[in-house]
Amino acid sequence: MTLENGLTVEGTSYFPESVSLSNLTLYYGKGNMSKAICNNTALDRNVVVGKVVLCDSNNLNVSQQIIEVERAGAYAAIFFTDISLSLFPQEYSIPSLILTNASGTLVKEYVIRVKKPKVKSMKFVFTKFGKKRAPQVAIFSSKGPNPITPGILKTDIVAPGVDLLAAFIPNKPFIKVGNHDLTTDYALLSGTSMSTPIVAGVGALLKAVHPKWSPAAIRSALMTTAYTKDNTGRTLKSQFTGSGTPIHFGAGHIDPNKAMDPGLIYDMGFQDYVDFLCGLEYTDEQMRIILKQKKWHCNKKLSHELNYPSFIVVLSYKTTYPATMNFSWVVTNVGNDTSVYKAHLENIPTGMKIKVEPSTLTFTEKYQNQSFVPSVEIEIEFPMIIYGFLKWIDQYGHIVSSPIVAINF
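Computed from a predicted model, the values in this text were never measured in an experiment.

### Here's the deal with the state of the cysteines
Cysteine pairs can be linked by a disulfide, which is a covalent bond between their two sulfur atoms.
Phase 1 of the analysis: One pass over the full model with this rule turns up two disulfides.
Phase 2 of the analysis: Each sulfur in the disulfide pair Cys-38 and Cys-55 lies 2.0 Å from the other. When the S-S torsion is -90 degrees, as for the bridge of Cys-38 with Cys-55, the disulfide is left-handed. With Cys-38 in the loop between α1 (33-36) and α2 (45-48) and Cys-55 in strand β3 (residues 52-55), the pair connects residues that are 17 residues apart, well separated along the chain. Of the two residues, Cys-38 and Cys-55, neither departs from the other in class, the shared state being buried.
Phase 3 of the analysis: The residue that forms a disulfide with Cys-278 is Cys-298, at a sulfur-sulfur distance of 1.8 Å. Between Cys-278 and Cys-298, the S-S dihedral sits near -55 degrees, and the bridge is therefore left-handed. Taken together, the positions of Cys-278 in helix α9 (residues 270-279) and Cys-298 in the loop between α10 (284-291) and β12 (311-315) put the pair 20 residues apart, joining distant regions of the chain.
Phase 4 of the analysis: Judged by its relative accessible area of 17%, Cys-278 falls in the buried class.

### Some thoughts on the packing of aromatic side chains
Phase 1 of the analysis: Per the stated rule, a full pass over the model turns up 11 aromatic pairs.
Phase 2 of the analysis: Relative to Trp-329, the ring of Phe-311 has its centre 5.2 Å away and its plane inclined at 35 degrees; by these criteria the two rings are tilted. With a gap of 18 residues between them, Phe-311 in strand β12 and Trp-329 in strand β14 (residues 329-333) connect regions that are remote in the sequence.
Phase 3 of the analysis: With a relative accessible area of 1%, Phe-311 lands in the buried category.
Phase 4 of the analysis: Judged by relative accessible area, which is 1%, Trp-329 ranks as buried.
Phase 5 of the analysis: Between Phe-372 and Trp-392, the aromatic rings sit 5.0 Å apart at their centres with planes inclined by 70 degrees, giving edge-to-face as the arrangement. Of this pair, Phe-372 sits in strand β18 (residues 369-378) while Trp-392 sits in strand β19 (residues 385-393), and the two are 20 residues apart along the sequence. Note on accessibility: Phe-372 and Trp-392 belong to one class, buried.
Phase 6 of the analysis: Put simply, the rings of Tyr-266, Phe-311, Phe-327, Trp-329, Phe-372 and Trp-392 touch in pairs and so form one group of aromatic residues.
Phase 7 of the analysis: It is Lys-391 that lies over the ring of Phe-389; its NZ or CZ is 6.0 Å from the centre.

### Focus on the packing of helix α5 (residues 192-209) against helix α6 (residues 215-224)
Angle between the axes and distance between the axes are the two parameters that describe a pair of packed helices.
Phase 1 of the analysis: Interhelical geometry of α5 versus α6 gives an angle of 115 degrees and a closest axis separation of 10 Å. What the angle tells us is that α5 and α6 run roughly perpendicular. Crossing angle aside, the handedness with which α5 passes α6 is right-handed. Judged by residue contacts, Val-199, Val-202, Gly-203, Leu-206 and Lys-207 of α5 engage Ile-218, Ala-221 and Leu-222 from α6.

### Topic: α6
Phase 1 of the analysis: Counting buried positions along α6 gives eight out of 10 residues, so the element sits mostly inside the fold.
Phase 2 of the analysis: Those residues of α6 that are buried are in contact with α5, α8 (256-259), β11 (264-265), α9 and β20 (399-408).

### Observations concerning the nonpolar core
Phase 1 of the analysis: Ranked by internal contacts, the top residues of the largest apolar core, which has 49 residues, are Met-1, Leu-26, Val-53, Val-69, Ile-78, Phe-79 and Val-107.
Phase 2 of the analysis: In terms of residues, this core owes the most to one element, strand β4 (residues 76-80), which gives five residues.
Phase 3 of the analysis: In terms of nonpolar packing, the next biggest core, distinct from the first, is built from 26 residues, Trp-329, Phe-382, Leu-390 and Ala-406 among them.

### Here we look at the pattern of salt bridges
Phase 1 of the analysis: Applying the stated criterion across every chain, the model contains seven salt bridges.
Phase 2 of the analysis: Among the salt bridges present, the one from Arg-71 reaches Glu-68, with a minimum N-O distance of 2.8 Å. Remark: Glu-68 and Arg-71 occur in helix α3 (residues 62-71); sequence separation between them is three residues, near one turn of the helix.
Phase 3 of the analysis: Given a relative accessible area of 1%, Glu-68 falls into the buried group.

### Quick word on the environment of Phe-270
Phase 1 of the analysis: Tracing the backbone through its elements, the reader meets Phe-270 in helix α9.
Phase 2 of the analysis: A relative accessible area of 46% means that Phe-270 is categorised as partly exposed.
Phase 3 of the analysis: Between the alpha carbons of Phe-270 and Leu-291 there is a distance of 9.3 Å; along the sequence they are 21 residues apart.
Phase 4 of the analysis: With residues near it in sequence (within four places) discarded, Phe-270 still touches Leu-291 and Gln-293.

Procedures and definitions
Residues numbered from 1 in each chain as written. Predicted model: local features only at pLDDT ≥ 70, side-chain atom pairs only at ≥ 80, totals over all residues. Heavy atoms only, no water. Disulfide = S-S within 2.5 Å. Helix = DSSP H or I, 4+ residues; strand = E, 2+ residues; numbered from the N terminus. Buried < 20%, exposed > 50% of the residue type's maximum accessible area, 1.4 Å probe, protein only. Phe/Tyr/Trp six-rings, centres within 6.5 Å; stacked < 30°, edge-to-face > 60°. Lys NZ or Arg CZ within 6 Å of the ring centre and 35° of its normal. Axes fitted to C-alpha atoms, helices over the stretch in contact; angles between N-to-C directions. Parallel < 35°, antiparallel > 145°, perpendicular 65-115°, else oblique. Left-handed = near helix turned anticlockwise from the far one by under 90°. Contact = heavy atoms within 4.5 Å. Core = buried A, V, L, I, M, F, W, Y, C linked by side-chain atoms within 4.5 Å. Salt bridge = Lys/Arg side-chain N within 4 Å of Asp/Glu carboxyl O.

Take a look at the structure:
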């Protein structure tokens, strides 16, 4: 968008029509908070009809603002907000632009200063690839810790879920623009319901490549080969925050090609899950319902002793320091027949000590199992979460990565 004073700003819009607006009057309800934020029924149709309306943020729902702007007969709208996905694609019923508050302030200053502010031009349906940090964990993404079993690290993994070009019902209207219901074969959709089928599809491909792998083996391959650095080389961050942790991104972002050849897997069988449920102290009735069996055997294991491709130490305000937890894990060689893996510890924070015994795993054949014991010592009390990584690396370039997390829960 270019204003009459020459100021040009870029924003986000999903308005579906390739239109170019020019020489339109800008309206901003200065001096009246309700009008400035485009509150419900606040705008006067006689004043704003045919104009481009500016709507201040003030934490008001943009979905409500665009309804009010359209009701008042505005030709187009500009919304100031730093909240991504503040409007879903199907809500762009009139030409609309989302501007960050920083850009919005420049536009607002112009509108307040000039007697008859105007938009020189506003164009839609352009795609520009930016250089912002990517990928990021979306604001709607599920995050840990797991309230039922905090001893199992969640999230497991992240995958693309924002602005996915997805198949859509072709005979169902996707958006209404003016008096027209628009249909489409494909639409930009966002949500965990977009990332989930991506992970499921990759899992299906892994099953095709490795038909004998268990679900646990597939999950392990996905998690231990995921990456945790973005396109700037920094740790993946959660949207709108300056940081991210395994509570947000789990083992990292899915990397399908690497998952085909993970080197080692953390596998599990039926009895492992039985022991896990036993460790949660499920009743006999609950066990029968879940297992669909009348008989089972419980080994005396705690719920956090599941052979999972991540490690978490759960502490509380009652914990006395230093606190130590030992894990006993088993990995299976699915890489080269003869491989030697050495343990590497990365990004271990102050206050966390990790020892791995043995620190070298030697395999002489494929599908051979080896056990190891990581010992995690937390020396001092810490804020909510600290973490590092254990990486098993062999001579062939396999890197089997697992987050090690300590959390105050």
